[in-house]
Amino acid sequence: MTVGELLKSSLRLIGAIATGETPSNDEMKDALAALNLMLDGWSIKRGMIYVTTLENFSLVVGTASYTIGSSGTFNTTKPVKVLSAYTRDSDGNDYPLDVYTERERYNEHIDKTLSSRPEELLFVPSHVLAYLYAYPVPDEAYTLYIESLKPLSSLSGYTTEISLPDGYENALIYNLAIRLAPEFGTTASPEVVAIAVDSMNDLRVINSPEVTAKLDIPVYVGSINIETGQ
């Protein structure tokens, strides 16, 4: 399905255009803008991002802070969230890092110039570039590995083919229809709303990380009196 076909499908669902009718250029532009706003909103929802990204970057000896994003120290798409990280030394040994986003924790370190193998990584989101702070300051040229969530890409060009996993086209069409309805002076039907909700829930279920329950049961060593329970 192309971007243009998706936009027309959403417009048809709310009766903004009839079957076989071609929307005006302004209508297509407005629908495309609404689609990309919706994708931007989805990008901060963990359950809507279908893949995590693992990247590696070189840390500099004696340097604690780095920018990450387009044209940053680490030139890549700015992450929405850093899920995990580790460093690798010159011998190929990996060491996990505690990742956090609270500046207070970093501020609590009395000696921020302490030089050693990093044990913590502070991720600070920002509008253009995000910031990373390694603590302690790298004493060697470690390689930093980051697993992160990246924003969903915006769509452009009406003839561009949409390349997303199964289920996304359905969710995009029906949820965009709901978003467009007020702008086009109409209302999405209950059937459209139901499909939109179900399709988003399906994506959240399949994209959400598996949670493994851990139950620590104390082991009792000794004898128990079944009458007293002691």
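None of these values were measured; they are calculated from a predicted model.

Q: Quick rundown of the side chain of Ser148? Include the residues and the values.
A: As for its position among the elements, Ser148 is in strand S10 (residues 143–149). For Ser148, a relative accessible area of 0% corresponds to the buried category. Those residues in contact with Ser148 that lie beyond four places of it in its chain are Thr52, Thr53, Glu55, Pro79, Lys81, Val82 and Leu83.

Q: Which residues make up unusual backbone geometry, and what are the values?
A: Cis peptide bonds are those with omega within 30 degrees of zero, and the linkage from Tyr135 to Pro136 qualifies with -5 degrees. As for its placement among the helices and strands, Pro136 is situated in the loop between strand S8 (130–135) and strand S9 (137–138).

Q: Could you give an account of the pattern of salt bridges, with specific residues and numbers?
A: In the structure shown here, the tally under the stated rule is four salt bridges. For Asp94, the salt bridge identified is with Arg88, shortest N-O distance 2.6 Å. Residue Asp98 pairs with Arg105 through a salt bridge whose shortest N-O separation is 3.8 Å. For Asp98, a relative accessible area of 44% translates into the label partly exposed. Through salt bridges that share partners, Asp98, Arg105 and Glu120 make up one connected network.

Q: Tell me about the sheet that holds strand S5 (residues 94–100), and name the residues and values.
A: Within a sheet, each strand pairs with its neighbour through backbone hydrogen bonds, oriented either parallel or antiparallel. Strand order across the open sheet formed by eight strands is S1-S10-S4-S5-S7-S8-S2-S3, with mixed pairing between neighbours. Among the strands making up the open sheet, the edge pair consists of strand S1 (53–58) and strand S3 (74–75). The pairing of strand S2 (residues 65–69) with S8 spans four bridges and is classified as antiparallel. Counterpart to Ile68 in the pairing with S8 is Ala130.

Q: Describe the side chain of Thr76, and please don't skip the residues or the numbers.
A: Examined against the element boundaries, Thr76 turns out to sit in the loop between S3 and strand S4 (81–88). A polar contact of 2.5 Å, which involves the side chain of Thr76, links it to the side chain of Glu55. The contacts of Thr76, once residues within four sequence positions are left out, are Glu55, Phe57, Ile68, Gly69, Ser70 and Lys150.

Q: Which residues make up the environment of Asn75, and what values do they have?
A: Relative to the helices and strands, Asn75 resides in strand S3. On the basis of relative accessible area, Asn75 is assigned to the exposed category, the value being 56%. Note: C-alpha distance between Asn75 and Leu129 (54 residues apart in sequence) is 9.8 Å. Those residues in contact with Asn75 that sit more than four places away from it in its chain are Gly69 and Ser70. In this structure the side chain of Asn75 is engaged in a polar contact, spanning 2.7 Å, whose partner is the backbone nitrogen of Ser71.

Q: Describe helix H5 (residues 190–207), and please don't skip the residues or the numbers.
A: In this model, H5 (18 residues) spans 26 Å end to end at C-alpha, consistent with the 26 Å of a helix rising 1.5 Å per residue. Looking at H5, one finds that the buried residues are Val192, Ala196, Ser199, Met200, Leu203 and Asn207. All buried residues of H5 project into a common sector of 95 degrees when viewed along the axis, lining one side. Facing away from the buried side of H5 by more than 90 degrees, the exposed set consists of Pro190, Glu191, Asp202 and Val205.

What counts, and at which threshold
Residues numbered from 1 in each chain as written. Predicted model: local features only at pLDDT ≥ 70, side-chain atom pairs only at ≥ 80, totals over all residues. Heavy atoms only, no water. Helix = DSSP H or I, 4+ residues; strand = E, 2+ residues; numbered from the N terminus. Buried < 20%, exposed > 50% of the residue type's maximum accessible area, 1.4 Å probe, protein only. Contact = heavy atoms within 4.5 Å. Salt bridge = Lys/Arg side-chain N within 4 Å of Asp/Glu carboxyl O. Pairing = 2+ DSSP bridges. Polar contact = N/O pair within 3.5 Å; in protein donor to acceptor, adjacent residues only side chain to side chain. Expected span 1.5 Å × (residues − 1). Arc of directions from axis to C-beta.

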